[in-house]
Amino acid sequence: MTRAQRERPALSCSGLLVLLVPLVLASGAAAQELDPRAYTPVPTGGNLVITAFTYQSGDVLLDPSLPITDLHAKLGIAALGYARTFSFFGRYANVSIGIPGARLNATGNVFEERREVTRTGLGDSRVKLAVNLLGAPALGPAEFARSKPKTVLGASLVVSTPTGQYYPDKLVNLSANRWAFKPEVGVSHPIGRWLLDAYAGVWFYTANNDFYGGVTRTQDPLATFQLHVSYTVRPSLWIAGDATFYSGGRSTVNDTVKQDFQKNSRVGLTASYPVARGHSIKLSFATGASTRIGQDFNTVGLAYQFMWLDGPPKQARPPAAR
């Protein structure tokens, strides 16, 4: 085993866990995502099934013109997802889908009267396609094991679908009742056991034509930026420090522009741990660094995954961790 192979970031089965983590969050918290190693390649012909649970709690800072104050929310999300890695014109690529179920409890003052709301049901599902444009050719398990880490330039598209529970006569819902699209570009640069990631993307939203009271709600694009620094402790075991910043997203209800321009930042930690060949768990924590308006949540996440590779029985298991 060469020194480069020993120091290469964990790119075997545990690396695929990052493909689905963004899909387990509710649509309202989309910009808060912290997703280290999102463009780190793994062998093609990989299949991944993941179950994940995320718990979020904290304050929601609203447009000051609304008659709602002191709003606090608790959100639990359980999700099931699947991802597939493949060759896209000779480049490494993956596609993933996630379906979340959620339970939301919100309390706040409406016209100075204390109210509590609980919702339980499906959230908005997401599909993601990612392709590494430079530095990451599509490699099978054997070729991948012999390859050296390189700087990678990738691009992705996330599509959020309005498939969750939605009541047009209620202000609090699990679905946003609209489509959303996030194109993103990302760079991943290895330095020995260290890995540096930087992403930039923009959320674009369609209109919700059946917002509370039968009106139309639109939202401006929301720019998102992420930075991650991760360290490989040993093969398939890594820890990352995470940060995100997002800005924009002002909404308009009919012709009334709301005072809800977002300019927020978050920081967090993520760790991945292999429990057996093809099996791994991931732990994450994030909190608000600064919040102008929107969700100021603490987030704790736990995910478990199982990965297998295509091929005859002797090759069906993922390659041994390096």
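Details of the structure are given in the entry above.
Cut-offs used in this document
Here, residues in each chain are numbered from 1, in the same order as that chain's written sequence. It should be noted that, the model being predicted, local features are given only for residues of pLDDT at least 70 and side-chain atom pairs only at 80 or more, the latter also being counted only at that level, while totals for whole chains, interfaces and linings use all residues. Calculation of side-chain values draws on the structure's entire complement of heavy atoms; hydrogens and water are dropped beforehand. Under the DSSP-based scheme used, a helix requires at least four consecutive residues in state H or I and a strand at least two consecutive residues in state E, with every element numbered from the N terminus. Think of it in three bands: residues with accessible area under 20% of the maximum for their type are buried, residues over 50% are exposed, and the middle band is partly exposed, with areas taken using a 1.4 Å probe on protein chains only. Residue contacts follow a heavy-atom distance rule, with two residues in contact if any of their heavy atoms lie within 4.5 Å. Shrake-Rupley sampling with a 1.4 Å probe provides the accessible areas, and residues are treated as covered by the protein chains on show and by no other component. By definition, two strands form a pair when at least two bridges between them are found by DSSP. A side-chain nitrogen of Lys or Arg and a carboxyl oxygen of Asp or Glu constitute a salt bridge if their distance falls within 4 Å. By definition, no residue in a patch forms a salt bridge, and every one has over 30% relative accessible area; like charges are joined within 9 Å, nonpolar side chains (Val, Leu, Ile, Met, Phe, Trp, Tyr) within 5 Å.

## Re the overall build of the protein chain
For step 1, the next point in the chain: In terms of regular secondary structure, the protein chain is built from 2 helices and 17 strands.
For step 2, the next point in the chain: Evaluated residue by residue, the protein chain yields a buried proportion of 49% over its 322 residues.
For step 3, the next point in the chain: In the protein chain, the proportion of contacts linking residues at least 24 apart, taken out of those at least 6 apart, comes to 67%.
For step 4, the next point in the chain: Accessible surface, the protein chain as shown: approximately 14400 Å² in total, 63% of it carbon and sulfur.

## Looking at unusual backbone geometry
For step 1, the next point in the chain: Located in the positive-phi region is R37, a residue other than glycine, with phi close to 65°.
For step 2, the next point in the chain: Note that R37 resides in the loop between α1 (3-7) and β1 (46-61).
For step 3, the next point in the chain: A residue is classified by how much of its surface remains accessible, and R37, at 1% relative accessible area, is buried.
For step 4, the next point in the chain: In this model, N254 sits at a positive phi of 55°, which is unusual for a non-glycine residue.
For step 5, the next point in the chain: With respect to the helices and strands, the residue N254 is situated in the loop between β13 (251-253) and β14 (256-257).
For step 6, the next point in the chain: Taking the relative accessible area as the measure of exposure, N254 reaches 45% and is therefore partly exposed.

## Points about the pairing of strand β12 (residues 237-248)
For step 1, the next point in the chain: As paired elements, strand β11 (residues 222-234) and β12 share 12 bridges and run antiparallel to each other. From the neighbouring strand, Q226 faces β12, where its bridge partner is T244.
For step 2, the next point in the chain: In this antiparallel pair of consecutive strands, β11 and β12, the connection spans 2 residues, and S236 shows a positive phi of 70°.
For step 3, the next point in the chain: Taken together, the 11 bridges between β12 and strand β15 (residues 262-276) define a ladder with antiparallel strand orientation. Considered in β15, the bridge of Y246 is made with N264.

## Focus: the sheet that holds strand β9 (residues 208-211)
For step 1, the next point in the chain: Across the sheet, which stays open at both edges, the 4 strands sit in the order β9-β10-β13-β14 with antiparallel pairing between neighbours. The open sheet terminates on both sides in strands that have one partner only, identified here as β9 and β14.
For step 2, the next point in the chain: With 2 bridges joining them, β13 and β14 adopt antiparallel strand pairing. By the bridge assignment, T252 is partnered in β14 with V257.

## Observations regarding the pattern of salt bridges
For step 1, the next point in the chain: Per the stated rule, a full pass over the model turns up 7 salt bridges.
For step 2, the next point in the chain: In this structure, the salt-bridge partner of E33 is R126, at a minimum N-O distance of 2.6 Å. Here R126 lies in strand β5 (residues 126-134) and E33 lies in the loop between α1 and β1, a separation of 93 residues in the sequence. Each member of the pair, E33 as well as R126, carries the same accessibility label: buried.
For step 3, the next point in the chain: Across the pair E113 and R115 runs a salt bridge whose closest N-O atoms are separated by 3.5 Å.
For step 4, the next point in the chain: Judged by its relative accessible area of 44%, E113 is partly exposed.

## What about a nonpolar patch on the surface?
For step 1, the next point in the chain: Residues V49, L80, Y82, V95, I97, I99, L122, V127, L129, F306 and W308 make up a contiguous nonpolar surface patch of roughly 860 Å² in combined accessible area.
For step 2, the next point in the chain: Among the elements of the structure, β2 (68-88), β3 (91-110), β5 and β17 (294-309) are those that each provide at least two residues to the nonpolar patch.
For step 3, the next point in the chain: Of the residues forming the nonpolar patch, the biggest block, 3 residues, is contributed by β3.
For step 4, the next point in the chain: Among the structural elements, V49 can be located in strand β1.

## Digging into the environment of T218
For step 1, the next point in the chain: Here T218 is to be found in strand β10 (residues 215-219).
For step 2, the next point in the chain: Residue T218 is classed as partly exposed on the basis of its relative accessible area, which comes to 33%.
For step 3, the next point in the chain: Separated by 13 residues in sequence, T218 and Y205 have C-alpha atoms that sit 7.4 Å apart.
For step 4, the next point in the chain: For T218, the contacting residues outside a window of four places in its chain are A207, R250, S251 and T252.

Remember that the coordinates give geometry; whether it matters functionally is a separate question.
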